[in-house]
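An overview of the molecular structure
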Amino acid sequence: MCIRDRTTTETTTEPTTAPGTAGDVNLDGIISADDAAITLQETLNNAFEMPCEAYYPNTYMLIADVNADNLITSSDSAYILQKTLNNAFKLPIEEIRGE
């Protein structure tokens, strides 16, 4: 499936596997408190669009839903924050994927 990047006129093909690192919802390559805050913002305001949602509209859940319950909730935000505090901590989705 091709999508249009909202900032350019080029088309890109969206991946069918996890397009980025689980928990890195702002797509900066680092799991940080910013990612936890963005995830919590999504929980509080469903109209809010996370960067991973804007860039990967069909597969962003593979990045944001870190506890693999098919929802974005405050639990996802808490898991992301835990990962920020302890990099050795495995997100539930990492355990499932064997990462």
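Preceding this paragraph is the structure being described.
Just so you know, these numbers come straight off a predicted model, no measurement behind them. (Residues numbered from 1 in each chain as written. Predicted model: local features only at pLDDT ≥ 70, side-chain atom pairs only at ≥ 80, totals over all residues. Heavy atoms only, no water.)

1. Topic: the overall build of the protein chain
What the protein chain contains, in helices and strands, is five helices and two strands. Counted from the first residue to the last, the protein chain has its helices and strands arranged as β-β-α-α-α-α-α. Among the 99 residues that make up the protein chain, the fraction classed as buried is 34%. Working note: accessible area of the protein chain is about 5,800 Å², and carbon and sulfur atoms make up 53% of it. (Helix = DSSP H or I, 4+ residues; strand = E, 2+ residues; numbered from the N terminus. Buried < 20%, exposed > 50% of the residue type's maximum accessible area, 1.4 Å probe, protein only. Areas by Shrake-Rupley, 256 points an atom, 1.4 Å probe, with all protein chains shown as cover.)

2. Things to note about the side chain of Asn26
Mapped onto the fold, Asn26 is located in the loop between strand 2 (11-13) and helix 1 (33-44). Excluding anything up to four places from it in sequence, Asn26 contacts Asp34, Asp35, Ile38 and Pro51. (Contact = heavy atoms within 4.5 Å.)

3. Topic: helix 1
The end-to-end C-alpha distance of helix 1, which contains 12 residues, comes to 16 Å, matching closely the 16 Å that a straight helix rising 1.5 Å per residue would cover. All of the buried residues in helix 1 are Asp35, Ala36, Ile38, Thr39 and Glu42. Projected down its long axis, helix 1 shows its buried positions confined to an angular sector of 165 degrees, all on one face. Of the surrounding elements, those touching the buried residues of helix 1 are helix 2 (51-55) and helix 4 (74-85). (Expected span 1.5 Å × (residues − 1). Arc of directions from axis to C-beta.)

4. Some remarks on the nonpolar core
With nine residues, the main nonpolar core is built from Val25, Ile38, Met50, Cys52, Tyr56, Tyr60, Ile63, Ala64 and Ile72. The contacts of Tyr60, once residues within four sequence positions are left out, are Met50, Cys52, Glu53 and Ile72. Membership of the second largest hydrophobic core comes to six residues, among which are Ala22, Val66, Leu91 and Ile93. (Core = buried A, V, L, I, M, F, W, Y, C linked by side-chain atoms within 4.5 Å.)

5. Details of the packing of helix 1 against helix 4
Axis separation between helix 1 and helix 4 bottoms out at 8 Å; the angle between their running directions is 175 degrees. Put simply, helix 1 runs roughly antiparallel to helix 4. Of the residues in helix 4, those in contact with Ala33, Asp35, Ala36, Thr39, Leu40 and Thr43 of helix 1 are Ser74, Asp76, Ser77, Ile80, Leu81 and Thr84. (Axes fitted to C-alpha atoms, helices over the stretch in contact; angles between N-to-C directions. Parallel < 35°, antiparallel > 145°, perpendicular 65-115°, else oblique.)

6. Some thoughts on the packing of aromatic side chains
For the coordinates displayed, the defined rule picks out two aromatic pairs. Here the aromatic rings of Tyr55 and Tyr56 are separated by 4.8 Å at their centres, their planes lie at 90 degrees, and the arrangement is edge-to-face. On the basis of relative accessibility, which here comes to 35%, the residue Tyr55 falls in the partly exposed class. Their ring planes at 15 degrees and their centres at 6.2 Å tell us that Tyr79 and Phe89 sit as a pair that is stacked. (Phe/Tyr/Trp six-rings, centres within 6.5 Å; stacked < 30°, edge-to-face > 60°.)

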